[in-house]
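Working through the structure, step by step
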Amino acid sequence: MSEERADGHDASTEIPEIPTPASSIEEAPSPNEWKDEDICLTVSDLCLHYGDNEALTDISMRVVRRRVTALIGPSGCGKSTLLRCFNRMNDLIDDVRITGEIELNGMEIHSTSVDIAQLRRRVGMVFQRPNPFPKSIYENVAYGLRLQGGLPKSEIDDRVEWALKNAALWGEVSDRLNESALDMSGGQQQRLVIARAIAVQPDVLLLDEPASALDPISTLKIEELIHQLKQDYTILIVTHNMQQAARVSDYTGFLYLGKLVEYDTTNIIFTNPSEKRTEDYITGRYG
Amino acid sequence: MATSDAVSQDLSLQRQSLAAWWRSGDPWIWLTSAAVAASVAAVLGLIGLLAVNGLAHFWPSEVRAIEYERFGTKTKIFGEVSERESISRRQFMEANPSFDKRVPATVERWLIKTGNRQANPPDFRWLFEHDVITSSVPADVVVIERTEWGDAFGLLVGIKHEGESIEAEDLWGEFQVRIDRTATIRNEIHELQEGSINGINYELESIRLEKRRRQLDDNHEFSDLEAEEEALRADYAVIENQVFELTRQLERDSASFSLADGRINDIPISAIIQAWMPNGMSVWQKLGLYFKNLWNFLSDDPREANTEGGIYPALFGTVLMVLLMSALVTPFGVVAALYLREYAKQGPFVQLIRIAVNNLAGVPSIVYGVFGLGFFVYAIGGSIDDLFFPEAKPAPTFGTPGLIWASLTLALLTVPVVIVSTEEGLTRIPRAVREGSLALGATKAETIFKVVLPMASPSILTGMILAVARAAGEVAPLMLVGVVKLAPTLPIDGNFPYLHLERKFMHLGFHIYDVGFQSPNVDAARPLVFATALLLVLIIIVLNLTAITLRNRLEARFRVSIN
């Protein structure tokens, strides 16, 4: 009854139009067609507790290489927490307990032999709000490279330029590399942060609501960038914006109350979800 | 009836408007602005008082010839009126019960600086205006600034060359030429003493210590040292002869001055620093002399138990001590704050430590002085002497109050301030920036050094500013751990290792106390107390402004993103 009323009264709850993923030339294969060598990340039985609260319950999923995988779900469903598991950012929080496994290219990332700094170099991350360092544009991009140590100046110069070009920022900043990154607009800062992340050439790029603090035009630029970047990187994106998930991703996982409710190609999730809860969420009945 | 109604209505209206005025917050604005105005007035008043009293001292004021009569005796003097005040009849009568004339309601009295401390003491005296018979401003009275015995006043009547009076057309010009000559010779002697003789003494002392060191090692082979010592002593004898010769030349001339009462006073020109005739000088000449005097005050060594001359060693000591203190306290405080905020697990124990650190800032400074003397000077300094300077014993090297211990004691006194403000800076750095660095593969240490510390640097400097402000004004603990009334040498000189951390030093704060309250000649010292106090305040202001400018620059550079 109430659902019908909501349906009838509010235009925004209509099922959104599904845009055709413009950049993917070939249609994303459905999960049962995945080959083992296409898999970049494998999550098995992942549980995460904050103290006594269970934030993630028995998550199992696989992430395909050089595709964009979106994680959607209402606030507090654990999608950011899941994303932060992939580069072990949750380790920074006290009282976190993780069970289960995450394999990156066949390597268990929680193993004691893993160097967290190395892991984070291979799994880059971009946060919700742009967080440039209070340094010059150049130094921001070079930061990760300098951490590796021993790179000659010319190599760093080249990689900074390459990263800025790949982040579609070079044209705007090439003549002011030594100015403070804090003087850039929010959208530019977010692309700078993406450039900073790809400068170290990671395998995986984690994007945690990368456009939520940006205006529509900057958002569009970020989305175009994601399209380009997926040719080289495996991208996981958390987003609140379902149109965005539909526009940029090949696969979509829907999380609800710490569980992975449904995970399939974006096409299926948005047109023909098998779970009632997924359908309710993407049609805007809650969340 | 109607009238009373109107009145009561009016009253109620008034009461309402008063309440409304109160509620509007206007009184609050007035109260707060009045508090600010009062603070500003207090600070400006303080600096103004110090400036007026201290800076006037260097102005070449006019010298009067005064004849006065006291108890039937007539006296003639030259003197500067350094103070005028009115006292009540009652106060006057209590001081002069035998005074037999009619006394007006208030009596004017003057404090006259008469100089000539040796020839015509005392050099400051109070005169009652009604005692004065004549008072004039003779154009040719000379003020003579001397190396000893304070200023002298008189009329130049002759110059003696090796005891023989000489004839000169331009007596004043000749006098100035001879003063310049002695100044040149005095400089030469000073350079020989400060340069060569000090250097040779220093090397002789090193040889003596080396000998002692070898004795302690049961090595009695001294021939190389003795040869060296021989050479040094020969050098010393040569220089000593030069000094003797120069000193003899210095004593060649003297000048004769006639005092106000006609007596003649001979002053050796070697004892004269400068002389001027204030009554004949134009304002510009006086201004020139004023700034010269001011400069001498800043750049000269003190004379006459600190009541004359300059304060350069105290100025030098104060600035050096504060700089050393900052260099010691900043790294220490920052490292402690880093541990408390970044590494330690936040809990009741860390909170307890934090409270303890904050309370350390409230411990009276003299307690730190006692601690510094007991721990730094005797325990640490004594151990250093035992380990590294056994040859100098029983004379202590580091086991005695000195510059390094004073700096350390003040660093300990101010470290809580640096810890607290650094911690505040660390907490203000957004988590997102730290995570951004960690997500790029930086370790925690790399994140701290490359991102966190630069961003916290304005707060660190704020802590340093507060530390400097507190340390530069401390006197009490310094008296126990290194400051002396008169230090023979500066802590920095040309002898290796150039910076002598173990030396005692002079300090403006202690200098104020010493000149003002330990000096034998209060009237002569008083203006210097004000001038020194003004200088101390100015130094603290300059040190703070430097640090504040630096902080503002860093703040502009590391401001946190507001997007």
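Predicted model, so just to flag it, every value in this text is computed and none were measured.

Regarding the overall build of chain A
From N to C terminus, chain A includes 11 helices and 10 strands. For chain A, the C-alpha radius of gyration of 19 Å lies close to 19 Å, the compact-globule estimate for 287 residues. The proportion of buried residues among the 287 residues of chain A is 54%. Look at the contacts in chain A between residues 6 or more apart in sequence, and 68% of them connect residues 24 or more apart. Summed over all atoms, the accessible surface of chain A reaches about 12,900 Å², with 46% contributed by carbon and sulfur. Averaging the positions of the 29 positive and the 45 negative side-chain charges in chain A gives two centres separated by 5 Å.

Remarks on the sheet that holds strand E5 (residues 107–108) of chain A
All names here are of chain A. Read across the open sheet, the 4 strands follow the order E2-E1-E4-E5; overall the sheet is antiparallel. Two strands close off the open sheet at either side, each with one partner strand: strand E2 (53–64) and E5. Two strands pair when backbone bridges link them, and strand E4 (residues 96–104) and E5 are joined in this way by 2 bridges, in the antiparallel orientation. Paired with glutamate 103 across the two strands is glutamate 108, which belongs to E5.

Remarks on unusual backbone geometry
If a residue is not glycine, its phi is most likely negative; likewise, a peptide bond is most likely trans. Of note, the amide linkage connecting B:Pro121 to B:Pro122 takes the cis form, showing an omega dihedral of -5°. Relative to the helices and strands, B:Pro122 is located in the loop between strand E3 (106–113) and strand E4 (124–128). Its identity as a non-glycine residue notwithstanding, A:Arg66 has a phi of 55°, on the positive side. Inspection of the secondary structure puts A:Arg66 in the loop between E2 and strand E3 (68–72). For A:Arg66, a relative accessible area of 46% corresponds to the partly exposed category. Notably, B:Asn116 is not glycine yet its phi reads approximately 45°, a positive angle. The class for B:Asn116 is buried, based on a relative accessible area of 4%.

Thoughts on the sheet that holds strand E7 (residues 204–208) of chain A
All names here are of chain A. One open sheet accounts for 6 strands, arranged E6-E7-E8-E3-E9-E10; its pairing is mixed. Either end of the sheet is taken by a strand with one partner, and the two such strands are strand E6 (123–126) and strand E10 (259–265). The sheet shows a mean angle of 15° between the axes of neighbouring strands, direction not considered. Direction of pairing for E6 relative to E7: parallel, over a ladder of 4 bridges. Note that in E7 the partner of glycine 124 across the bridge is leucine 205.

Quick look at the packing of aromatic side chains
Residue and element names in this part refer to chain B. Within this structure, the stated rule accounts for 20 aromatic pairs over all chains. Ring plane angle 50° and centroid distance 5.0 Å describe the contact between phenylalanine 58 and phenylalanine 297, whose orientation is recorded as tilted. In this pair, phenylalanine 58 is assigned in the loop between helix H2 (26–55) and strand E1 (64–70) and phenylalanine 297 in helix H6 (residues 283–299), connecting sequence segments 239 residues apart. Linked through ring pairs, Phe371, Phe375, Phe376, Phe389, Phe398 and Trp405 together constitute an aromatic cluster. Directly above the aromatic system of tryptophan 126 lies the positively charged group of arginine 109, at a separation of 4.2 Å from the ring centroid.

Conventions we followed
- Position numbers for residues count from 1 along each chain, tracking the sequence in the order it is written.
- Written order decides the labels, with chains lettered from A and ligands numbered from 1.
- Totals for whole chains, interfaces and linings use every residue, but because this is a predicted model, local features are given only for residues with pLDDT of at least 70 and side-chain atom pairs only at 80 or more, for both listing and counting.
- Each side-chain value is derived from all of the structure's non-hydrogen atoms; neither hydrogens nor water enter the calculation.
- Helix and strand labels come from DSSP, where a helix needs a run of H or I of at least four residues and a strand needs a run of E of at least two; each type is numbered from the N terminus.
- In this treatment the radius of gyration is a C-alpha quantity, and the globule benchmark scales as 2.2 Å times the residue count to the 0.38 power.
- Residue exposure (1.4 Å probe, protein chains only): buried if accessible area is under 20% of the type maximum, exposed if over 50%, otherwise partly exposed.
- Only heavy atoms matter for contacts: two residues are in contact if any of them lie within 4.5 Å across the pair.
- The accessible surface values rely on the Shrake-Rupley method and a 1.4 Å probe; as for residues, cover is taken only from the protein chains in view.
- Here Asp and Glu are counted as negative and Lys and Arg as positive; His is not counted, and neither are the chain ends.
- We put the charge of a Lys on NZ, of an Arg on CZ, of an Asp on CG and of a Glu on CD.
- Two strands pair if DSSP finds at least two bridges between them.
- Lines fitted to the C-alpha atoms define the axes, with helices restricted to the stretch that makes contact. Angles between their N-to-C directions range from 0 to 180 degrees.
- Any two of the Phe, Tyr and Trp rings considered here, Trp counted by its six-membered ring, make a pair once their centres fall within 6.5 Å; the pair's planes then place it as stacked at under 30 degrees, edge-to-face at over 60, or tilted in between.
- In this analysis the charged atom, NZ for Lys or CZ for Arg, is taken to sit over a ring once it is within 6 Å of the ring centre and within 35 degrees of the ring normal.

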